Amino acid sequence: MTPTFRIVAGAVLALCSFSVAASAADLSIHDGWVRVPPKGARTGAAYLTIRNQGAAEDRLMGGATSVASTVEVHEMKVEKGVMSMRALENGLALPPGAQTELKPGGYHLMLIGLTGVIAAGDDVVLTLHFAKAGDVTVHLPAKDAAAGGMGGMTQGGAQ
Ligand SMILES: [Cu+2]
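What you see is a predicted model; the values in this text were computed from it and never measured.

Some remarks on the overall build of the protein
Scanning the protein from N- to C-terminus turns up two helices and 10 strands. The linear arrangement of helices and strands in the protein, starting from the amino end, is α-β-β-β-β-β-β-β-β-β-β-α. The buried share of the protein, reckoned over its 159 residues, is 24%. Taking the contacts inside the protein whose residues are at least 6 apart along the sequence as the reference set, 69% of them involve residues at least 24 apart.

Listed below in C-alpha cells is the structure:
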C-alpha cells in the first residue's frame, strides 16, 4: 500500500511543478520600478511591463510585498478632465502575444498601507499573483518620479 501511494503522490507533485514552471515561463516581466512615495504617504505605486508569450490569456490579479499591507491592480483614467483610479476587481487581462504596460497615468500596482520608508535605490521585492501562472517574484528598483519618467501624466498626453 505505502509504496504505491508514494509513487502516485510523486507523480502528481511532478505534474504540478511542471505546469506552474511552464506557465510562468510564458510571461516575461521587465522595466519594473517603484515610485518613491512622497514623505508621509501611505500609498505607493509600482510599474512594469508584462509580455505574454504563451498561447492563452492570463490575468494579473494583484500581489504582495513586505513594504505594504496590500497590493492591488489599479487603472488610472482621465474622464471629463478629472483623473480617477479604480481597482480592477477581476484583474488585468494579459492577452497572448501582447505586451501590457503598467505605467504612470495608466495601469499600476497600488501599494496600500506602506509599512516603511521606500528610498531611491531600494530593491523592492514584489510577488505578483497571476490567475494561471501563479506567483512570480520580481525585484524592482525604487526611483524618484522624475527619474522614472512622468510622461504619462503630462497635460498634453491626456487626450
Ligand atoms: Cu492606484
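Okay, back to it.
Things to note about the nonpolar core
As a rule of thumb, nonpolar side chains are buried together in soluble globular proteins. Counting 26 residues, the largest nonpolar core has A46, L60, L109, L111 and V124 as the members making the most contacts within it. Only β1 (27-35), β2 (43-52), β4 (68-79), β6 (92-94), β8 (107-114), β9 (123-130) and β10 (134-143) provide two or more residues apiece to this core.

A few points about the pairing of β4
Alignment of strand β3 (residues 58-65) against β4, held across two bridges, turns out to be antiparallel. By the bridge assignment, G63 is partnered in β4 with V71. With six bridges joining them, β4 and strand β5 (residues 82-87) adopt antiparallel strand pairing. Bridged to K77 within β5 is S84. Hairpin remark: β4 followed by β5, antiparallel, with two residues in the connecting loop; positive phi at K80, about 50°.

Procedures and definitions
Residues numbered from 1 in each chain as written. Predicted model: local features only at pLDDT ≥ 70, side-chain atom pairs only at ≥ 80, totals over all residues. Helix = DSSP H or I, 4+ residues; strand = E, 2+ residues; numbered from the N terminus. Buried ≥ 20, exposed ≤ 12 C-beta atoms within 10 Å, placed from the backbone. Contact = placed C-beta atoms within 7 Å. Core = buried A, V, L, I, M, F, W, Y, C linked by C-beta atoms within 7 Å. Pairing = 2+ DSSP bridges.

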